[in-house]
Every structure is written in C-alpha cells, then in structure tokens.
Amino acid sequence: MSDVAARPPLTLGTKVSYGAGSVVQSIAGVALSTSVINLFLIRVIGMDPITVGVVILISLVVDAVLDPAIGRFSDTFRSPWGRRHPFMYASALPIAVAIVLLWRPPHALTGGALAAYTLSMLVLLRICTSVYQIPSDALTPELAPDYHERTSLISFRYFFGIVGGTVAGAVLFIVFLHGPNGQLNREAYGNFFVLAAIVVFFAILGSSYATHRFIPFLRVEPKRQMTAGQTAREIWETVGNPSLVAVMAAGLLSGIAGGMAASLSLFMSFYFWGLSSRVIGVMGIFGLPAAILGVVLAPWISRTLDKKRTMLTVFVLAIFSGVVPVALRLAGVLPPNGSPWIPVILVADSFVSGTLALMGFVIVGSMIADVVEDVAVKTGRRSEGLLFAANGLLPKFTSGFGTLLGNAMLAVVHLPKAVASGAVDKVDPAIMNHLVWLSVPAGMVLNLLAVTALFLYRIDQRSHESNLAALALEAGLGGPPPTSSSTASPPIIEPPPAAPPV
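Source: prediction; values computed, not measured. (Residues numbered from 1 in each chain as written. Predicted model: local features only at pLDDT ≥ 70, side-chain atom pairs only at ≥ 80, totals over all residues. Heavy atoms only, no water.)

1. Details of a nonpolar patch on the surface
On the surface, I50, V54, I58, V62, V65 and L66 cluster together to form a nonpolar patch covering roughly 410 Å² of accessible area. Examined against the element boundaries, V62 turns out to sit in helix α4 (residues 49–76). (Patch = residues over 30% accessible without salt bridge, like charges linked within 9 Å, V, L, I, M, F, W, Y side chains within 5 Å. Areas by Shrake-Rupley, 256 points an atom, 1.4 Å probe, with all protein chains shown as cover. Salt bridge = Lys/Arg side-chain N within 4 Å of Asp/Glu carboxyl O. Helix = DSSP H or I, 4+ residues; strand = E, 2+ residues; numbered from the N terminus.)

2. Notes on the packing of aromatic side chains
One pass over the full model with this rule turns up 11 aromatic pairs. On the basis of an interplanar angle of 75° and a centroid distance of 4.8 Å, the ring pair of F192 and F193 is categorised as edge-to-face. Across the pair, exposure class does not vary: F192 and F193 are buried alike. Three or more aromatic residues link up through ring pairs in this structure, and these residues are F40, W103, F176, Y189, F192 and F193. Over the face of the ring belonging to F272 we find R329, whose NZ or CZ atom lies 5.9 Å from the ring centre. (Phe/Tyr/Trp six-rings, centres within 6.5 Å; stacked < 30°, edge-to-face > 60°. Buried < 20%, exposed > 50% of the residue type's maximum accessible area, 1.4 Å probe, protein only. Lys NZ or Arg CZ within 6 Å of the ring centre and 35° of its normal.)

3. Quick look at the environment of A168
Relative to the helices and strands, A168 resides in helix α9 (residues 149–176). For the pair formed by A168 and S26, sequence separation is 142 residues and the distance between their alpha carbons is 8.3 Å. Once residues lying within four places of it in the same chain are set aside, the contact partners of A168 are I27, V30 and F192. (Contact = heavy atoms within 4.5 Å.)

4. Examining the nonpolar core
In this structure, W103, Y189 and W273 are the most contacted members of the largest nonpolar core, which totals 121 residues. Non-local contacts of Y189, meaning those with residues more than four positions away in its chain, are made with V36, L39, F40, V44, W103, L172, L177 and Q183. (Core = buried A, V, L, I, M, F, W, Y, C linked by side-chain atoms within 4.5 Å.)

5. Re helix α6 (residues 92–103)
Taking 1.5 Å of rise per residue, 12 residues should cover 16 Å, and α6 covers 18 Å from first to last C-alpha, within 8% of that figure. Those residues of α6 that are buried lie in contact with α2 (22–31), α3 (34–45), α5 (85–90), α7 (111–138) and α10 (186–210). (Expected span 1.5 Å × (residues − 1).)

Encoded structure:
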C-alpha cells in the first residue's frame, strides 16, 4: 500500500460517485425483483407458482454458493488495477446482456423449456451482478476506515440504491405498464429492461472509473501458496467471527421474511389494495423523501446512540409500522378500495417504515464493515470481499426459501394465473384476506427473531478504534489512522470482548 499521507481525500464528490454505483444494484435488483418476476411469470406468462418459486430458489442457492468464492478471489487477486476494479469493469457488459435476455424470453418456449430458460438467465444475471457488487462493496472499509465516516459513505450507497430503484420502478409502472391492466403487457416488460440494461452498463463504468484513482493506495495482499485445506480453514476463521455470525443469523431469519414479502408484494398492491400500475409507480416516488431522511438521520443518530442500539430501535419500529395499514383494513377501519385516501395512508406508512428500515440497513452495512478490522486483528488477514459475500450468503438462501414459502401460500389460497392481456384483472377479496392471515403473522415473527439475533453483535466504537490501533502498530505506522472521533488519549489496544456462542 502506498504512503497514507499521499492518499487522495475522501471528498463529497468521491462519496457521491462511489454511492452512485449502487444504482447498478438497485436497477439489477428490479430486474431480479421477486415481486416483479412473480407477477410476470405467474399472471402474464402463466407458469405455476410452485415452479416459479423453485426456479427462484435454485438461482439464489447457486448464486449464494458462488458468492464466497467470488469474494475470496477478489480478496487475493493481484493486478495493475488492484484487487477490486478489474471485476467491476468486467461485469458491465455481461450484466446488461443478461438483463435483456431474462426479460425477453422466446414466445415459443413453454412448460419445462421456459422454466429452464428462466433459471439459466436468472443464474447468469445473479452471478454477473455479484461479480460487480461484492468487489464494489468491499471497497468501503478501505475508502473509509473511520468508525463514523464509513456510516456516512454507506449512507450514500443506500441513498442512490433507493433512488435508482425508485426511479426504475416508477418508470416501469407509470410509463411502460400504464393503462388498464397494463401489468399484463408482456412486451412492455421487455422494452423497459432494454432501457435498464443500458443505464446499468454506463453506471458500472462511471462508478468504477470514479474510484480508480484510489487504486495505488488500496491494500495489496501478499502472494501465498496455499492448499485447499488451508484455504478452507482461513475461510472458516473469517466467517466464524462472533459478530459476523450474529449478523448472518439475523440475515437468515429476515431473508425468509423478506423473500416471502417480496413474492407477495405486487399481488397485495393490485388485488388487496386495488391499486393501478400508475398509482403504484407514483407512490414509489414518495419513497425518495424517506431515503433522503434515512441517509441524513442514520449517521447522526448512530453517533448519539452507537450503531447497535440505533439499529435495534429502528428495526423494531419499522416492523410494527409496516403492518399498521393491513391491521386497520382487517379491523374494518379504513375506507374501501378506490378511495383516494388509500394511497395517502399507504404512502404515509411506507414513508415512516421506509425511513426506519433504511436507517437500519445503513447501520448494519457499517457494522459489517467494522467486522473487517476485527477479523484482521484476530487472523492477520484482510478479507473484505469474503466478509461481504458471507454476509449476503444466508439471506440469498433464505430469500429463496421465503419466495417458495410465499408462492406456496399463493397456491394454498388458489390465486388464479395466466390472465390474458386485455382481460379484467380481478381476484376474489376472500382469497386475498386468506393470504394476509397466512403471511403477515409469519413475517412479523421472523423479523422479530432476526432483531433478537443482532443483540449478540459485540463491536462498538471503543473496540473498533482499538482494532485500528492494533493494525496500525502492526503495520509500523506508530498509531491509529486519524478519525473524527479521536481524542488526545490514545485508545487502549486490546481485543474486543468475546461474544457468546450462537
């Protein structure tokens, strides 16, 4: 690594350009969105819900299995362009092509052939997205070693991710799927995702180039000859960090809940709340103020309460606020569907729960970044790519199972499928009420258990700065890198307290 003193400053422009890279993940996320894929494949194409659930599950499992290998390879890769940027640049064209192919399936394909094609394209797009996302995310700890500055940096990532996803969703529903029953227009989906692919291609190249000047100042891992057994042991030592295990356990539980919610999301919007495509798109735009507020509040509140306490508070509040409209509808308090008050109520609730959830996700991302130095102190290795891949591994498995669970609920309540374009798109309200009584309690229990698991996270500001000091001394720098929260007295160099077994 080059001299720290010569390192370019982490300016606002750098934070913005690095954060803008998450637009790729959000737009690719729309392309991979379980809610959109489910509606498209079940109601437009006519595939069986269980088949769709299995296809999504298999694609997520394959992606999850390969993610740690991608992260590990990125950690140990050596090139004139460093460890991360070659992967980021190389992913641009494959991601764009995979998006187009996934959403323009040949009309002649049906049955098993269509399922096989969909599975192939899903796997291709997920893997290509991981090749970009894991190295890009892994830049965070090196770009921002400070305990609070990295929360600010991750806030920009989440902000642009929310903005990108919101704008993409609004364009899809307002422009491409407009009109009565426009959500059944097969060609409209394909046309939108051609545009999305072009945006993703240039966003990857732009964000990668914006952080290119930091390459000479990023860490270069020494070459080591290792057996497969040694590699496996190092991976186990890294992912066995107690604080990481706590976050991964929470991810396992919330992943099931999230996958289930995503699989049912658009069905709830269209058939439980009776919303049109255009109203759904307009409502999504109101998520932007929530994103801005969450980005502003997350670093400020985490400085006041510390990261763990803030995260636990906002996630619990988000879980309960998110079910308020459904509870009021079942209690007979809300006006009937078609009332102009329904979108207003839903927007207000989503603003509150969205702000809270975004704050929680920003802080969890910063907490994962703090694990990097904790692992480095205990193992002597920097494993950013592996850590971020490991954190995303279980949620991908469990999101797939959650999707299958949600689709099984669709099958249990006998939701109709294969509605012809131009037909009246209606579902019996009794079917949707049955679906709500199955899904909402299950989601709340899973999310509350996930929050409980996060109580086992053990890294705070004091232990993080002790880790930085230990690493600085080991590197012969004579002390910790400057942080905005450093005081005149140097931190005590000691390992963080051990977490109880999970």
